[in-house]
Amino acid sequence: MSRASKLTLAGTSLFAVGTVVFVHFQQKFEKEAMHQGVIRDMEQQRIKKERQLDFDMQRALEEEYKKGQTVRESTDELPTKELPNR
């Protein structure tokens, strides 16, 4: 084999190996990034569930308090004092 063909073979072999290694690491990083997205989604779902439970508890307390109190929704205006003329 000539020197030029040896250099060409070595160059293309290094390029191929480099490409395979690059693709391998790129896939590894993408897989980790996707896994972090799943973890983030699970955490958001947990927080949403906690907030919904808190909301439901507050709603139940509100209903309980309304049972024990007389609450009326009124738009009647309170009597106002008349100011003396100046």
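In this numbering scheme, every chain counts its residues from 1 along its sequence in written order. For this predicted model, a pLDDT threshold of at least 70 governs which residues receive local features, and a threshold of 80 or more governs which side-chain atom pairs are given and counted, while totals over whole chains, interfaces and linings are taken from all residues. The side-chain values count all of the structure's non-hydrogen atoms but skip hydrogen atoms and water molecules.

A.B. asks: Describe the overall build of the protein chain, listing the residues and the values that go with them.
C.D. replies: What counts as a helix is a DSSP run of H or I of at least four residues, what counts as a strand is a run of E of at least two, and both are numbered from the N terminus. On a plain count of helices and strands, the protein chain comes out with 1 helix and 0 strands. Within the protein chain, the fraction of its 86 residues that count as buried is 1%. The method behind every accessible area is Shrake-Rupley, applied with a 1.4 Å probe, and residues are considered shielded solely by the protein chains displayed. Carbon and sulfur atoms make up 59% of the accessible area of the protein chain, which totals about 9300 Å². Any residue under 20% of the maximum accessible area for its type is buried, any over 50% is exposed, and the rest in between are partly exposed; the area is computed with a 1.4 Å probe on protein chains only.

A.B. asks: Kindly report on a nonpolar patch on the surface, identifying the contributing residues and their values.
C.D. replies: Only residues whose relative accessible area exceeds 30% and that form no salt bridge are eligible for patches; like-charged ones are grouped when within 9 Å, while nonpolar side chains (Val, Leu, Ile, Met, Phe, Trp, Tyr) are grouped when within 5 Å. Salt bridge, as used here: a side-chain nitrogen of Lys or Arg that lies within 4 Å of a carboxyl oxygen of Asp or Glu. Nonpolar side chains collect at one region of the surface, where Val17, Val21, Phe25 and Phe29 lie side by side and expose about 400 Å² of accessible area between them. You can see Phe29 is positioned in helix H1 (residues 3–68).

A.B. asks: Outline the pattern of salt bridges, supporting the account with residue identities and numerical values.
C.D. replies: For the coordinates displayed, the defined rule picks out 3 salt bridges. Its salt-bridge partner being Glu43, residue Arg46 comes within 2.3 Å of it at the nearest N-O pair. You can see Arg46 and its partner Glu43 sitting in helix H1, 3 residues apart, about one turn around the helix. For Arg46, a relative accessible area of 38% gives the class partly exposed. Judged by its relative accessible area of 35%, Glu43 is partly exposed. With a shortest N-O distance of 2.4 Å, Glu50 and Arg46 are connected by a salt bridge. With Glu50 and Arg46 both in helix H1 and 4 residues apart, this pair spans about one turn of that helix. A single network of salt bridges, built from pairs that share partners, joins Glu43, Arg46 and Glu50.

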